[in-house]
Amino acid sequence: MGSRPAEAEILIVGAGPTGLALACALRNLGLKPLHFDKHEEGLNTSRAAVIHPRTMEVLENLGVAPTLLREGLRMEQFRLREGRKVLLQIDFSELPTAYPFALMIPQQDTERILMERLKELGGEVARGVEVIDLKMKSEGVEVLVRRGREEYWIHTRWLVGCDGGRSLVRQKAGITFEGEAYEQTFVLADVKMEWPIGRDEASLFLSSDGMMVVAPLPGNHFRIVATITQAPQDLSVPFFQSLVETRGPSGSKRIMEMFWASPFHLQHRVASSNFLGRVLLCGDAAHVHSPAGGQGMNMGIQDAVSLAEPLGKAVEAGEVSGLGQWSKTRHRIAKKVVTMTHRMTLVAALSKPWQRIVRNMVLGVISGMPGLSQKFARKLSELDHR
Ligand SMILES: Cc1cc2nc3c(=O)[nH]c(=O)nc-3n(C[C@H](O)[C@H](O)[C@H](O)COP(=O)(O)OP(=O)(O)OC[C@H]3O[C@@H](n4cnc5c(N)ncnc54)[C@H](O)[C@@H]3O)c2cc1C
(Lines give C-alpha, C1' and ligand atoms only; values in the text may rest on other atoms or scores of the structure.)
Protein backbone atom coordinates (compact mmCIF):
# COMPACT_ATOMS: atom_id res chain seq x y z
CA MET A 1 0.00 0.00 0.00
CA GLY A 2 1.78 3.10 -1.18
CA SER A 3 -0.50 5.98 -0.11
CA ARG A 4 -2.55 6.06 3.06
CA PRO A 5 -6.28 5.97 2.17
CA ALA A 6 -8.62 7.91 4.46
CA GLU A 7 -11.87 6.37 3.18
CA ALA A 8 -13.27 3.18 1.70
CA GLU A 9 -16.64 1.87 0.57
CA ILE A 10 -15.73 -1.64 1.72
CA LEU A 11 -12.81 -2.68 3.93
CA ILE A 12 -11.99 -6.40 4.21
CA VAL A 13 -9.87 -7.42 7.22
CA GLY A 14 -7.98 -10.68 6.66
CA ALA A 15 -6.58 -12.41 3.58
CA GLY A 16 -7.06 -16.05 4.47
CA PRO A 17 -9.19 -18.14 2.09
CA THR A 18 -12.37 -16.31 3.19
CA GLY A 19 -11.09 -12.77 2.66
CA LEU A 20 -9.46 -13.69 -0.66
CA ALA A 21 -12.66 -15.33 -1.96
CA LEU A 22 -14.68 -12.25 -0.96
CA ALA A 23 -12.21 -9.88 -2.63
CA CYS A 24 -12.37 -11.91 -5.89
CA ALA A 25 -16.19 -12.06 -5.80
CA LEU A 26 -16.47 -8.27 -5.23
CA ARG A 27 -13.96 -7.56 -8.03
CA ASN A 28 -16.07 -9.78 -10.31
CA LEU A 29 -18.91 -7.31 -9.67
CA GLY A 30 -16.70 -4.31 -10.43
CA LEU A 31 -16.26 -3.31 -6.76
CA LYS A 32 -12.82 -2.36 -5.41
CA PRO A 33 -12.58 -3.10 -1.69
CA LEU A 34 -9.67 -2.03 0.46
CA HIS A 35 -8.06 -5.18 1.86
CA PHE A 36 -5.68 -5.51 4.84
CA ASP A 37 -3.81 -8.39 6.42
CA LYS A 38 -1.57 -8.04 9.45
CA HIS A 39 0.95 -10.62 8.23
CA GLU A 40 3.64 -9.63 5.77
CA GLU A 41 3.09 -12.98 3.99
CA GLY A 42 0.38 -15.63 3.84
CA LEU A 43 0.67 -18.29 6.59
CA ASN A 44 1.79 -20.85 4.00
CA THR A 45 0.69 -23.96 5.94
CA SER A 46 -1.45 -26.78 4.67
CA ARG A 47 -4.25 -26.73 7.34
CA ALA A 48 -7.60 -27.27 5.52
CA ALA A 49 -6.98 -29.99 2.95
CA VAL A 50 -10.38 -30.61 1.38
CA ILE A 51 -12.65 -28.59 -0.89
CA HIS A 52 -16.20 -29.94 -0.98
CA PRO A 53 -18.48 -30.08 -4.07
CA ARG A 54 -20.63 -27.07 -3.08
CA THR A 55 -17.52 -24.93 -2.60
CA MET A 56 -16.27 -25.98 -6.05
CA GLU A 57 -19.63 -24.84 -7.47
CA VAL A 58 -19.35 -21.39 -5.89
CA LEU A 59 -15.66 -21.08 -6.83
CA GLU A 60 -16.56 -21.75 -10.47
CA ASN A 61 -17.91 -18.18 -10.76
CA LEU A 62 -14.59 -16.80 -9.53
CA GLY A 63 -12.71 -18.50 -12.37
CA VAL A 64 -10.46 -20.63 -10.15
CA ALA A 65 -12.09 -24.06 -10.59
CA PRO A 66 -9.91 -25.22 -13.55
CA THR A 67 -6.65 -24.46 -11.68
CA LEU A 68 -7.89 -26.13 -8.49
CA LEU A 69 -8.92 -29.20 -10.47
CA ARG A 70 -5.54 -29.34 -12.15
CA GLU A 71 -3.61 -29.15 -8.87
CA GLY A 72 -5.93 -31.09 -6.55
CA LEU A 73 -6.65 -34.79 -6.11
CA ARG A 74 -10.22 -36.08 -6.64
CA MET A 75 -11.49 -38.29 -3.84
CA GLU A 76 -14.81 -40.11 -4.28
CA GLN A 77 -14.87 -42.47 -1.30
CA PHE A 78 -14.95 -41.68 2.39
CA ARG A 79 -14.98 -44.69 4.72
CA LEU A 80 -15.44 -45.04 8.47
CA ARG A 81 -13.37 -47.94 9.70
CA GLU A 82 -12.36 -49.80 12.80
CA GLY A 83 -9.02 -51.32 11.84
CA ARG A 84 -9.60 -52.85 8.41
CA LYS A 85 -13.33 -53.33 8.96
CA VAL A 86 -15.48 -50.83 7.03
CA LEU A 87 -18.33 -49.55 9.22
CA LEU A 88 -19.78 -47.04 6.78
CA GLN A 89 -19.02 -46.07 3.21
CA ILE A 90 -19.90 -42.63 1.89
CA ASP A 91 -19.77 -42.31 -1.87
CA PHE A 92 -19.52 -38.85 -3.45
CA SER A 93 -19.48 -40.17 -7.04
CA GLU A 94 -23.31 -40.22 -7.40
CA LEU A 95 -23.87 -36.69 -6.09
CA PRO A 96 -25.94 -34.43 -8.37
CA THR A 97 -23.21 -31.91 -9.18
CA ALA A 98 -20.55 -31.22 -11.79
CA TYR A 99 -18.01 -31.95 -8.99
CA PRO A 100 -18.95 -35.37 -7.53
CA PHE A 101 -15.81 -35.71 -5.38
CA ALA A 102 -13.94 -34.05 -2.52
CA LEU A 103 -10.94 -32.20 -3.91
CA MET A 104 -7.85 -32.76 -1.77
CA ILE A 105 -5.52 -29.76 -1.87
CA PRO A 106 -3.47 -28.07 0.88
CA GLN A 107 -4.77 -24.71 2.11
CA GLN A 108 -1.69 -22.74 1.07
CA ASP A 109 -2.28 -23.84 -2.54
CA THR A 110 -5.94 -22.80 -2.40
CA GLU A 111 -4.87 -19.41 -1.00
CA ARG A 112 -2.16 -19.01 -3.66
CA ILE A 113 -4.65 -19.78 -6.45
CA LEU A 114 -7.17 -17.28 -5.04
CA MET A 115 -4.44 -14.63 -4.65
CA GLU A 116 -3.29 -15.11 -8.25
CA ARG A 117 -6.88 -14.74 -9.43
CA LEU A 118 -7.35 -11.61 -7.32
CA LYS A 119 -4.30 -10.05 -8.98
CA GLU A 120 -5.67 -10.96 -12.44
CA LEU A 121 -8.86 -9.15 -11.47
CA GLY A 122 -6.82 -6.05 -10.55
CA GLY A 123 -7.01 -6.53 -6.76
CA GLU A 124 -4.31 -6.48 -4.12
CA VAL A 125 -3.87 -7.05 -0.39
CA ALA A 126 -2.08 -4.46 1.74
CA ARG A 127 0.05 -6.67 3.97
CA GLY A 128 1.61 -5.75 7.29
CA VAL A 129 -1.46 -3.61 8.08
CA GLU A 130 -3.26 -4.54 11.30
CA VAL A 131 -6.68 -3.36 12.41
CA ILE A 132 -6.39 -2.54 16.12
CA ASP A 133 -9.63 -0.76 17.00
CA LEU A 134 -12.93 0.37 15.59
CA LYS A 135 -15.86 2.63 16.35
CA MET A 136 -19.27 1.85 14.94
CA LYS A 137 -21.15 4.84 13.49
CA SER A 138 -24.57 4.98 11.86
CA GLU A 139 -23.13 5.68 8.37
CA GLY A 140 -20.07 3.43 8.61
CA VAL A 141 -17.19 2.34 10.80
CA GLU A 142 -14.09 4.25 11.95
CA VAL A 143 -11.18 1.81 11.85
CA LEU A 144 -7.81 2.32 13.56
CA VAL A 145 -4.98 0.60 11.70
CA ARG A 146 -1.31 0.07 12.50
CA ARG A 147 1.32 -0.13 9.79
CA GLY A 148 4.84 -0.36 11.17
CA ARG A 149 5.09 2.48 13.70
CA GLU A 150 2.24 4.45 12.17
CA GLU A 151 -1.32 4.41 13.47
CA TYR A 152 -4.18 6.15 11.69
CA TRP A 153 -7.97 6.10 11.28
CA ILE A 154 -9.86 5.13 8.15
CA HIS A 155 -13.58 5.60 7.57
CA THR A 156 -15.33 2.76 5.74
CA ARG A 157 -19.00 2.45 4.87
CA TRP A 158 -18.86 -1.33 5.28
CA LEU A 159 -16.38 -3.39 7.29
CA VAL A 160 -16.08 -7.15 6.69
CA GLY A 161 -14.23 -9.18 9.32
CA CYS A 162 -12.58 -12.18 7.65
CA ASP A 163 -9.98 -12.10 10.40
CA GLY A 164 -10.18 -15.65 11.74
CA GLY A 165 -11.33 -17.31 14.96
CA ARG A 166 -9.89 -14.63 17.26
CA SER A 167 -11.49 -11.89 15.16
CA LEU A 168 -10.76 -8.43 16.52
CA VAL A 169 -13.58 -7.07 14.35
CA ARG A 170 -16.05 -9.41 16.06
CA GLN A 171 -14.78 -8.53 19.53
CA LYS A 172 -14.68 -4.77 18.99
CA ALA A 173 -18.15 -4.81 17.44
CA GLY A 174 -19.36 -6.46 20.68
CA ILE A 175 -20.63 -9.62 18.97
CA THR A 176 -20.51 -12.63 21.28
CA PHE A 177 -19.02 -15.98 20.21
CA GLU A 178 -21.17 -18.65 21.76
CA GLY A 179 -20.01 -22.22 22.37
CA GLU A 180 -17.29 -24.22 24.10
CA ALA A 181 -13.76 -25.58 23.76
CA TYR A 182 -13.07 -29.26 23.07
CA GLU A 183 -11.18 -31.12 25.77
CA GLN A 184 -9.10 -33.13 23.33
CA THR A 185 -6.09 -31.86 21.46
CA PHE A 186 -5.86 -32.52 17.73
CA VAL A 187 -2.56 -33.33 16.04
CA LEU A 188 -1.94 -33.11 12.35
CA ALA A 189 0.87 -34.17 10.01
CA ASP A 190 1.50 -34.22 6.26
CA VAL A 191 3.69 -37.22 5.45
CA LYS A 192 4.95 -39.57 2.78
CA MET A 193 4.20 -43.16 3.81
CA GLU A 194 3.53 -46.75 2.84
CA TRP A 195 -0.19 -47.23 3.45
CA PRO A 196 -2.03 -50.55 2.97
CA ILE A 197 -5.38 -48.98 1.98
CA GLY A 198 -3.90 -47.10 -0.95
CA ARG A 199 -4.76 -43.61 -2.21
CA ASP A 200 -8.36 -44.00 -3.37
CA GLU A 201 -10.17 -43.10 -0.16
CA ALA A 202 -10.16 -40.82 2.86
CA SER A 203 -10.56 -42.98 5.98
CA LEU A 204 -11.75 -42.13 9.46
CA PHE A 205 -10.58 -44.74 11.97
CA LEU A 206 -12.49 -45.20 15.20
CA SER A 207 -10.51 -46.68 18.07
CA SER A 208 -10.71 -46.77 21.86
CA ASP A 209 -7.71 -44.39 22.02
CA GLY A 210 -9.38 -41.73 19.86
CA MET A 211 -10.10 -41.11 16.21
CA MET A 212 -7.69 -40.76 13.31
CA VAL A 213 -8.27 -39.52 9.78
CA VAL A 214 -5.90 -40.48 6.96
CA ALA A 215 -6.44 -38.86 3.57
CA PRO A 216 -4.29 -38.72 0.44
CA LEU A 217 -2.95 -35.36 -0.72
CA PRO A 218 -1.42 -34.41 -4.09
CA GLY A 219 2.27 -35.22 -4.59
CA ASN A 220 1.98 -38.71 -3.09
CA HIS A 221 1.52 -37.25 0.40
CA PHE A 222 -0.96 -38.22 3.12
CA ARG A 223 -2.65 -36.07 5.77
CA ILE A 224 -2.98 -37.60 9.25
CA VAL A 225 -5.28 -35.94 11.82
CA ALA A 226 -5.91 -37.52 15.24
CA THR A 227 -7.33 -36.66 18.64
CA ILE A 228 -5.15 -37.22 21.70
CA THR A 229 -5.37 -36.37 25.37
CA GLN A 230 -2.16 -34.36 25.39
CA ALA A 231 0.20 -33.59 22.52
CA PRO A 232 3.89 -34.39 23.15
CA GLN A 233 6.44 -31.54 22.95
CA ASP A 234 8.00 -33.12 19.91
CA LEU A 235 5.59 -34.13 17.12
CA SER A 236 8.07 -36.59 15.62
CA VAL A 237 7.84 -39.30 12.97
CA PRO A 238 7.94 -42.06 15.69
CA PHE A 239 4.95 -40.40 17.41
CA PHE A 240 2.83 -40.46 14.22
CA GLN A 241 4.16 -43.94 13.35
CA SER A 242 2.80 -45.24 16.67
CA LEU A 243 -0.57 -43.54 15.97
CA VAL A 244 -0.95 -45.26 12.59
CA GLU A 245 0.20 -48.58 14.12
CA THR A 246 -2.30 -48.52 16.99
CA ARG A 247 -5.30 -46.92 15.25
CA GLY A 248 -4.82 -47.84 11.60
CA PRO A 249 -5.51 -50.98 9.55
CA SER A 250 -3.39 -54.12 9.59
CA GLY A 251 -0.68 -54.34 6.93
CA SER A 252 2.52 -52.50 6.26
CA LYS A 253 2.53 -48.84 7.32
CA ARG A 254 5.75 -46.88 7.28
CA ILE A 255 6.18 -43.12 7.48
CA MET A 256 9.17 -42.20 5.32
CA GLU A 257 9.11 -38.41 5.62
CA MET A 258 7.16 -35.74 7.48
CA PHE A 259 6.67 -32.30 5.88
CA TRP A 260 4.59 -30.44 8.45
CA ALA A 261 3.10 -31.24 11.84
CA SER A 262 1.08 -29.15 14.24
CA PRO A 263 -1.02 -29.58 17.37
CA PHE A 264 -4.23 -27.58 17.55
CA HIS A 265 -6.94 -26.94 20.09
CA LEU A 266 -10.45 -26.48 18.90
CA GLN A 267 -13.68 -24.90 19.90
CA HIS A 268 -17.19 -25.05 18.56
CA ARG A 269 -18.65 -21.56 18.52
CA VAL A 270 -20.98 -19.44 16.41
CA ALA A 271 -21.13 -15.62 16.48
CA SER A 272 -24.47 -14.39 17.85
CA SER A 273 -24.82 -12.41 14.62
CA ASN A 274 -22.76 -11.96 11.45
CA PHE A 275 -24.33 -8.59 10.59
CA LEU A 276 -24.47 -5.71 13.04
CA GLY A 277 -24.76 -2.09 11.94
CA ARG A 278 -22.13 -1.70 9.21
CA VAL A 279 -20.08 -4.73 10.30
CA LEU A 280 -20.26 -8.14 8.61
CA LEU A 281 -18.46 -11.35 9.61
CA CYS A 282 -17.42 -14.27 7.40
CA GLY A 283 -15.46 -17.52 7.87
CA ASP A 284 -13.76 -18.44 11.15
CA ALA A 285 -14.60 -14.97 12.47
CA ALA A 286 -18.25 -16.10 12.45
CA HIS A 287 -17.95 -19.81 13.28
CA VAL A 288 -15.33 -22.35 14.37
CA HIS A 289 -15.80 -26.07 14.78
CA SER A 290 -14.27 -29.52 14.86
CA PRO A 291 -12.33 -30.56 11.73
CA ALA A 292 -14.56 -33.68 11.48
CA GLY A 293 -15.88 -33.60 7.93
CA GLY A 294 -13.45 -30.83 6.84
CA GLN A 295 -16.10 -28.11 6.72
CA GLY A 296 -14.20 -25.06 8.16
CA MET A 297 -12.61 -23.38 5.18
CA ASN A 298 -15.49 -24.46 2.92
CA MET A 299 -18.05 -22.62 5.01
CA GLY A 300 -15.89 -19.49 5.02
CA ILE A 301 -15.55 -19.44 1.23
CA GLN A 302 -19.31 -19.96 0.83
CA ASP A 303 -20.09 -17.15 3.34
CA ALA A 304 -17.82 -14.86 1.36
CA VAL A 305 -18.97 -15.61 -2.18
CA SER A 306 -22.65 -15.38 -1.20
CA LEU A 307 -22.05 -12.01 0.51
CA ALA A 308 -20.67 -10.26 -2.59
CA GLU A 309 -23.98 -9.63 -4.36
CA PRO A 310 -26.03 -8.30 -1.42
CA LEU A 311 -23.06 -6.18 -0.30
CA GLY A 312 -22.77 -4.82 -3.85
CA LYS A 313 -26.46 -3.83 -3.75
CA ALA A 314 -25.99 -2.16 -0.36
CA VAL A 315 -23.04 -0.13 -1.68
CA GLU A 316 -24.51 0.82 -5.03
CA ALA A 317 -28.24 1.14 -4.33
CA GLY A 318 -28.40 1.49 -0.53
CA GLU A 319 -30.47 -1.70 -0.43
CA VAL A 320 -29.71 -3.57 2.80
CA SER A 321 -32.54 -6.14 2.88
CA GLY A 322 -30.34 -8.64 0.98
CA LEU A 323 -27.72 -8.41 3.73
CA GLY A 324 -30.32 -9.29 6.36
CA GLN A 325 -31.36 -12.33 4.32
CA TRP A 326 -27.71 -13.34 3.76
CA SER A 327 -26.99 -13.05 7.46
CA LYS A 328 -30.00 -15.17 8.49
CA THR A 329 -29.19 -17.88 5.96
CA ARG A 330 -25.48 -18.10 6.79
CA HIS A 331 -26.15 -18.05 10.54
CA ARG A 332 -28.66 -20.92 10.19
CA ILE A 333 -26.19 -22.93 8.08
CA ALA A 334 -23.34 -22.27 10.56
CA LYS A 335 -25.47 -23.54 13.45
CA LYS A 336 -26.38 -26.71 11.53
CA VAL A 337 -22.78 -27.44 10.50
CA VAL A 338 -21.41 -26.80 13.99
CA THR A 339 -24.04 -29.20 15.41
CA MET A 340 -23.25 -31.86 12.79
CA THR A 341 -19.46 -31.71 13.25
CA HIS A 342 -19.88 -31.67 17.05
CA ARG A 343 -22.01 -34.83 16.90
CA MET A 344 -19.49 -36.50 14.57
CA THR A 345 -16.71 -35.65 17.04
CA LEU A 346 -18.65 -37.01 20.02
CA VAL A 347 -19.56 -40.24 18.18
CA ALA A 348 -15.94 -40.73 17.08
CA ALA A 349 -14.74 -40.18 20.67
CA LEU A 350 -16.93 -42.90 22.27
CA SER A 351 -14.53 -45.13 24.20
CA LYS A 352 -16.55 -47.49 26.45
CA PRO A 353 -16.85 -50.96 24.88
CA TRP A 354 -20.69 -51.01 25.06
CA GLN A 355 -20.93 -47.54 23.50
CA ARG A 356 -18.70 -48.62 20.64
CA ILE A 357 -20.75 -51.79 20.06
CA VAL A 358 -24.01 -49.78 19.86
CA ARG A 359 -22.38 -47.14 17.64
CA ASN A 360 -20.99 -49.75 15.24
CA MET A 361 -24.39 -51.47 15.05
CA VAL A 362 -26.10 -48.16 14.18
CA LEU A 363 -23.45 -47.45 11.53
CA GLY A 364 -24.04 -50.97 10.14
CA VAL A 365 -27.79 -50.20 9.79
CA ILE A 366 -27.08 -46.86 8.05
CA SER A 367 -24.60 -48.62 5.79
CA GLY A 368 -27.30 -51.10 4.72
CA MET A 369 -29.62 -48.25 3.66
CA PRO A 370 -28.10 -46.56 0.59
CA GLY A 371 -30.59 -43.67 0.90
CA LEU A 372 -29.21 -42.78 4.33
CA SER A 373 -25.53 -42.91 3.41
CA GLN A 374 -26.34 -40.86 0.28
CA LYS A 375 -28.10 -38.31 2.50
CA PHE A 376 -24.97 -38.11 4.61
CA ALA A 377 -22.85 -37.62 1.47
CA ARG A 378 -25.07 -34.65 0.54
CA LYS A 379 -24.60 -33.15 4.00
CA LEU A 380 -20.81 -33.56 3.97
CA SER A 381 -20.57 -32.22 0.42
CA GLU A 382 -22.58 -29.15 1.56
CA LEU A 383 -24.89 -29.47 -1.47
CA ASP A 384 -27.80 -28.99 0.94
CA HIS A 385 -26.66 -25.35 1.24
CA ARG A 386 -27.53 -24.43 -2.34
C1 LIG B 1 -3.52 -26.51 12.45
C2 LIG B 1 -4.83 -26.31 11.76
C3 LIG B 1 -5.39 -27.34 11.00
C4 LIG B 1 -6.61 -27.18 10.35
N5 LIG B 1 -7.11 -28.21 9.61
C6 LIG B 1 -8.27 -28.04 8.95
C7 LIG B 1 -8.83 -29.08 8.14
O8 LIG B 1 -8.25 -30.16 8.03
N9 LIG B 1 -10.02 -28.85 7.51
C10 LIG B 1 -10.68 -27.64 7.63
O11 LIG B 1 -11.75 -27.44 7.01
N12 LIG B 1 -10.19 -26.65 8.37
C13 LIG B 1 -9.00 -26.81 9.02
N14 LIG B 1 -8.50 -25.80 9.76
C15 LIG B 1 -9.28 -24.57 9.83
C16 LIG B 1 -9.06 -23.71 8.58
O17 LIG B 1 -7.67 -23.48 8.45
C18 LIG B 1 -9.86 -22.43 8.78
O19 LIG B 1 -11.24 -22.77 8.82
C20 LIG B 1 -9.61 -21.42 7.66
O21 LIG B 1 -8.27 -20.99 7.63
C22 LIG B 1 -10.51 -20.20 7.89
O23 LIG B 1 -10.21 -19.22 6.95
P24 LIG B 1 -10.45 -17.68 7.28
O25 LIG B 1 -9.98 -16.98 6.05
O26 LIG B 1 -11.84 -17.48 7.75
O27 LIG B 1 -9.50 -17.34 8.52
P28 LIG B 1 -7.91 -17.44 8.62
O29 LIG B 1 -7.37 -18.45 7.69
O30 LIG B 1 -7.62 -17.55 10.07
O31 LIG B 1 -7.41 -16.03 8.10
C32 LIG B 1 -7.57 -14.85 8.86
C33 LIG B 1 -6.61 -13.79 8.32
O34 LIG B 1 -6.88 -12.56 9.00
C35 LIG B 1 -5.66 -11.93 9.32
N36 LIG B 1 -5.92 -11.08 10.50
C37 LIG B 1 -6.33 -11.49 11.72
N38 LIG B 1 -6.52 -10.44 12.54
C39 LIG B 1 -6.20 -9.34 11.82
C40 LIG B 1 -6.20 -7.93 12.12
N41 LIG B 1 -6.57 -7.47 13.32
N42 LIG B 1 -5.81 -7.06 11.16
C43 LIG B 1 -5.45 -7.50 9.92
N44 LIG B 1 -5.43 -8.84 9.59
C45 LIG B 1 -5.83 -9.73 10.52
C46 LIG B 1 -4.69 -13.07 9.60
O47 LIG B 1 -3.34 -12.68 9.42
C48 LIG B 1 -5.13 -14.13 8.58
O49 LIG B 1 -4.42 -14.03 7.37
C50 LIG B 1 -7.29 -25.95 10.45
C51 LIG B 1 -6.75 -24.91 11.20
C52 LIG B 1 -5.52 -25.08 11.85
C53 LIG B 1 -4.94 -23.96 12.67
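So, a few notes on the structure that sits alongside this text. What you see is a predicted model; the values in this text were computed from it and never measured. (Residues numbered from 1 in each chain as written. Predicted model: local features only at pLDDT ≥ 70, side-chain atom pairs only at ≥ 80, totals over all residues.)

So, about the overall build of the protein chain. Along the backbone of the protein chain there are ten helices and 19 strands. Its C-alpha atoms give the protein chain a radius of gyration of 21 Å, near enough to 21 Å, the size a compact globule of 386 residues would have. Seen along its three principal axes, the alpha-carbon backbone of the protein chain occupies a region of about 60 × 45 × 40 Å. Every one of the 386 residues in the protein chain was classed for burial, and the buried ones make up 45%. (Helix = DSSP H or I, 4+ residues; strand = E, 2+ residues; numbered from the N terminus. Rg over C-alpha atoms; globule rule 2.2 N^0.38 Å. Buried ≥ 20, exposed ≤ 12 C-beta atoms within 10 Å, placed from the backbone.)

A few words now on the sheet that holds strand β15 (residues 221-228). The eight strands are arranged β6-β5-β13-β14-β15-β12-β16-β19 in an open sheet whose pairing can be described as mixed. Across the chains shown, the open sheet's two edge strands, defined by having one partner strand only, are β6 (85-91) and β19 (287-288). Both strand β14 (residues 212-217) and β15 contribute to a ladder of six bridges, which runs antiparallel. If you follow Leu217 over to β15, its bridge partner there is His221. (Pairing = 2+ DSSP bridges.)

Glancing now at unusual backbone geometry. Residues other than glycine seldom take positive phi values, yet Asn220 does so here, at roughly 65°. Summarising the element assignment, Asn220 is placed in the loop between β14 and β15. Of note in this structure, Glu382 is not a glycine but carries a positive phi near 70°. Summarising the element assignment, Glu382 is placed in the segment after α10 (370-381). The exposure class assigned to Glu382 is buried, which follows from the 22 C-beta atoms found within 10 Å.

A separate point is the pairing of strand β9 (residues 129-137). When β9 meets strand β10 (residues 140-147), the two strands line up antiparallel, connected through eight bridges. If you follow Lys137 over to β10, its bridge partner there is Gly140. From the end of β9 to the start of β10, which pair antiparallel, there are two residues.

On to the sheet that holds strand β7 (residues 102-104). Within the open sheet, the three strands sit side by side as β3-β7-β4. Their pairing is antiparallel. At either end of the open sheet lies a strand with only one pairing partner, and these are β3 (50-51) and β4 (73-75). When β4 meets β7, the two strands line up antiparallel, connected through three bridges. Residue Leu73 lies in a different strand from β7, and its bridge partner there is Met104.

The topology assignment puts Leu144 in strand β10. For the pair formed by Leu144 and Val131, sequence separation is 13 residues and the distance between their alpha carbons is 5.9 Å. Leaving out residues up to four positions away in the same chain, Leu144 has contacts with Ile132, Asp133, Leu134, Glu151 and Trp153. (Contact = placed C-beta atoms within 7 Å.)

Around the ligand sit 32 residues, and of these Gly14, Gly16, Gly164, Gly283 and Gly296 come closest. Contributions of two or more residues to the shell around the ligand are made by α1 (17-28), β2 (34-37), β9, β16 (254-271) and α7 (296-317). Of the residues assigned to the shell around the ligand, the class counts are 13 nonpolar, 13 polar and six charged. Two domains share the shell around the ligand, each providing at least three of its residues, namely domain 1 (7-49 + 106-176 + 272-349) and domain 2 (182-266 + 350-385). (Near = placed C-beta within 6 Å. Nonpolar A, V, L, I, M, F, W, Y, C, P; charged D, E, K, R; others polar. Domains from an automatic or database assignment.)

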